[in-house]
Amino acid sequence: MSDKIFSPVIFDLSVRNLRLNFLRSLLAMIGIIIGVVAITSMGMTGAAFSEELTGSLTGTSNSITVTGISSTGSGPNSYMTAGLSTKDLRNIESAVKSVTENYVLIPMYTGYDMVRPAGSDERMQASIYGLSTADIESLVTVEDGKIPTGNNGVIIGRQLADDYSLSIGSRIEIPQRNSSTISVRIVGIMANSGSMAFTFSTDNAIIGTTDWYERFHETGGLYSLAMITVANLDDLDPVIAAIEAKMNGRTDRTTDDTVLISDARQFVESMKESIGMISVFIMALGGISLVVAAVSIFNVMLMSVNERIREIGILRSIGTLRYQILQMFLYEAAIIGFIGAVIGGILSLIAASVVISLMLGDVSLMFNVPVLMYVPYGILIGVVVCLLSGLYPAWKAANLNPVEALASD
Amino acid sequence: MTDQETPVVELRDVYKVYQMPAGDVHALNGVTFSVMPGEFVAIMGPSGSGKSTLMNMIGCLDVPTAGEMYIDGKSVKEMTDDELTIHRRDHIGFIFQKFNLIGLLTAYENVEYPMILKYGKRDDTGRPKELLASVGIDEAKMMHTPFELSGGQQQRVAIARALANDPALLLCDEPTGNLDSKMSEQIMELLRDLNSRGRTIIMVTHDPHTATYADRIIVIRDGEIVDE
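Looking at an unreviewed UniProt entry, chain B carries the name ABC transporter ATP-binding protein, with the source organism given as Methanocorpusculum petauri.

Going by the annotation in an unreviewed UniProt entry, the name recorded for chain A is ABC transporter permease, with Methanocorpusculum petauri given as the source organism. The record held by UniProt for chain A lists under Subcellular location (unreviewed entry) the comment "Cell membrane". What UniProt states about chain A under its Sequence similarities (unreviewed entry) heading is, verbatim, "Belongs to the ABC-4 integral membrane protein family."

Chemist: Kindly report on the nonpolar core, identifying the contributing residues and their values.
Modeler: Ranked by internal contacts, the top residues of the largest apolar core, which has 85 residues, are Ile58 and Tyr113 of chain B. At 11 residues, helix α10 (residues 322-359) of chain A tops the list of elements feeding residues into this core. Listed in part, the 41 residues of the second largest apolar core include Tyr109, Leu160, Ala161 and Met247 of chain A.

Chemist: Requested: an account of helix α7 (residues 236-248) of chain A, with residues and values cited.
Modeler: Side chains that are three or four residues apart share a direction in an α-helix, a result of its 3.6 residues per turn. Along its 13 residues, α7 of chain A runs 17 Å from first to last C-alpha, staying within 8% of the 18 Å computed at 1.5 Å per residue. Of all the residues in α7 of chain A, the buried ones are Leu236, Val239, Ile240, Ala242, Ile243, Met247 and Asn248 of chain A.

Chemist: Quick one: what's the story with the side chain of Thr53 of chain B, residue by residue and with numbers?
Modeler: Residues and elements named next belong to chain B. Summarising the element assignment, Thr53 is placed in helix α1 (residues 51-58). A relative accessible area of 10% places Thr53 in the buried class. Contacts of Thr53, omitting those with residues within four sequence positions, involve Lys16, Tyr18, Ala27 and Leu28.

Chemist: Explain the state of the cysteines to me, using residue names and the numbers behind them.
Modeler: All names here are of chain B. Under the counting rule described, the total for this entry stands at zero disulfides over all chains. With no disulfide of its own, Cys172 lies 15 Å from the sulfur of Cys60, the closest cysteine sulfur. For Cys172, a relative accessible area of 0% translates into the label buried.

Chemist: Tell me about the confidence of the model for chain A, residues and numbers included.
Modeler: Residues and elements named next belong to chain A. For chain A, the mean per-residue pLDDT works out to 83, and 89% of the residues sit at or above 70. Scored below 50 in pLDDT, residues 71-80 makes 13 contacts in the model with residues more than four places away or belonging to other chains. Note on residues 194-198: pLDDT under 50 across the span, and 18 contacts to partners over four residues away in sequence or across chains.

Chemist: Now, about empty space enclosed by the protein: what can you tell me, with residues and values included?
Modeler: Evaluation of the coordinates by the stated rule reveals three cavities of 30 Å³ or more. Estimates place the volume of the largest cavity at around 80 Å³. Every residue lining the largest cavity is listed: Ser317 and Ile318 of chain A together with Arg88, Arg89, Ile92, Gly93, Phe94, Pro114, Arg161, Ala162 and Asn165 of chain B. At three residues, strand β6 (residues 92-95) of chain B tops the list of elements feeding residues into the lining of the largest cavity. For the lining of the largest cavity, the per-class residue count stands at five nonpolar, three polar and three charged.

Scoring rules and cut-offs
Residues numbered from 1 in each chain as written. Chains lettered and ligands numbered in written order. Predicted model: local features only at pLDDT ≥ 70, side-chain atom pairs only at ≥ 80, totals over all residues. Heavy atoms only, no water. UniProt positions renumbered as here; feature names shortened; annotations may be inferred. Core = buried A, V, L, I, M, F, W, Y, C linked by side-chain atoms within 4.5 Å. Buried < 20%, exposed > 50% of the residue type's maximum accessible area, 1.4 Å probe, protein only. Helix = DSSP H or I, 4+ residues; strand = E, 2+ residues; numbered from the N terminus. Expected span 1.5 Å × (residues − 1). Contact = heavy atoms within 4.5 Å. Disulfide = S-S within 2.5 Å. pLDDT = per-residue confidence, 0-100. 1 Å grid on protein atoms, 1.4 Å probe; cavity = no way out; pocket = protein on both sides within 12 Å on 5 of 7 lines; lining within 4 Å. Points joined across faces, edges and corners; volume = space filled by probe spheres on them. Nonpolar A, V, L, I, M, F, W, Y, C, P; charged D, E, K, R; others polar.

Printed below as a string of structure tokens:
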């Protein structure tokens, strides 16, 4: 019988009953709308965030970072025990060269310090880099001022400048270990990359020349890391393998690796994973509202069953089968769920666009397939939740004893 | 009705016991009788005598605790809930004291409903209208919901509904219990007319006057048949 799958007359009864109890149905629907909006817009925001991250990191995905992890003949300075010596750098460079000629190798010093703008008590965390002037020039985009040369000053990130109202000519004080401070002049401001870059977090960076850096940090002639960028992405894996073989391959002599090679792609993956986990967590929070909605639908359906016991008795006595009664109540749950979830899906587009434009400043991030996919998923979850919460009331209705049901008032 | 030898309903030593917290209630204590096609049987008895239980049993809404019951020669013990439901749908027409129309549906739709259940589609034969007309419900009233109709009109709609799938057996539970005497008279005339055209009718009543329309009266007391 075709009505096993869909029965128009039973569906019609469901619709009429929902219309009869319009307010109650509407309230249950609002619950589902809120639940769907919560999980969908949260999910979309997380996905948009992930999209933005991927987009901003594709620029650095063809680069790797080589960090020295064991010091070769370091002095008594415990502050700087690991690094890349000039010999290490030569070895790395020759390893890269064995694969490709199209590469850029930038050795740099990096460190974190609490610094403060001159004449201020406010301390801020900053990444401090020391690079050669030529390398600074190739890495950053100057927005204002100029590239530092020699010891004449530093160039800082736009974010840092804005946050602490720093401008060209301002001075920054960097505290030293012997409780003195080094004061440095700002000669340039970098364009805001608006994103996280792999090696460089330019927004929060203070960049000076290697000469300048060496003046106040005992580097021991060891660079913190080397950034290698290859022109062709396909060369990346062979380059990694070559450096790995050259630097870490001599396992007969030392048990420890000499350098650590980080690949931007791994970084992107792990960042995406973290963001994914955070999104799931936030969606779970949104899911609580869906649970509340499920409880309210459960309640509405139970009330609907209890109010209609007699009607169920009549329907059963004149030949309505159990599964048709089950169908009738499941249709009700499905109608509430479907309308609610679709409205919720539409509203979550609006909600997500607001959240995304406020948090990420770019609504266009929303119009990516992985982001928009949350809308149908959210709708589907909403409908499924409704059906699940309608299951017990429907089952209860279907299994009423027709004699007792008929006798009730 | 093709086979005159098979009773429409046959009960053999039927017991019905309801288990209640306060103890077992013996609603039927060994009831034996049968109804042949074309009969008009009235079941009489005071309230609590077990006549409603008997009615539910004949209507396949309930099954015996012990004893045998046959519907058109088939033992109900061997029938599933779905089979009993389909039997109610196709072979029994129910007429209740409280009319029991579906409030969500119009008079027309109430009559059409059992047909949709049976055939899985909306009616295209015009039968609901014919039935409603035959019980005296005019075209305008057909689109009203039960709440907009008088008691007598509701019972007429209920009779039309009971006839929708052309059942062999009409089961009437106090069909005139909620109607005034003039209405009752009309409803009983309608039932007698249906019986005269070959339909089997079993009617529960405690009104002796209503019972006179039947050609056989079964009196039940304390779950047993005391007079026939």
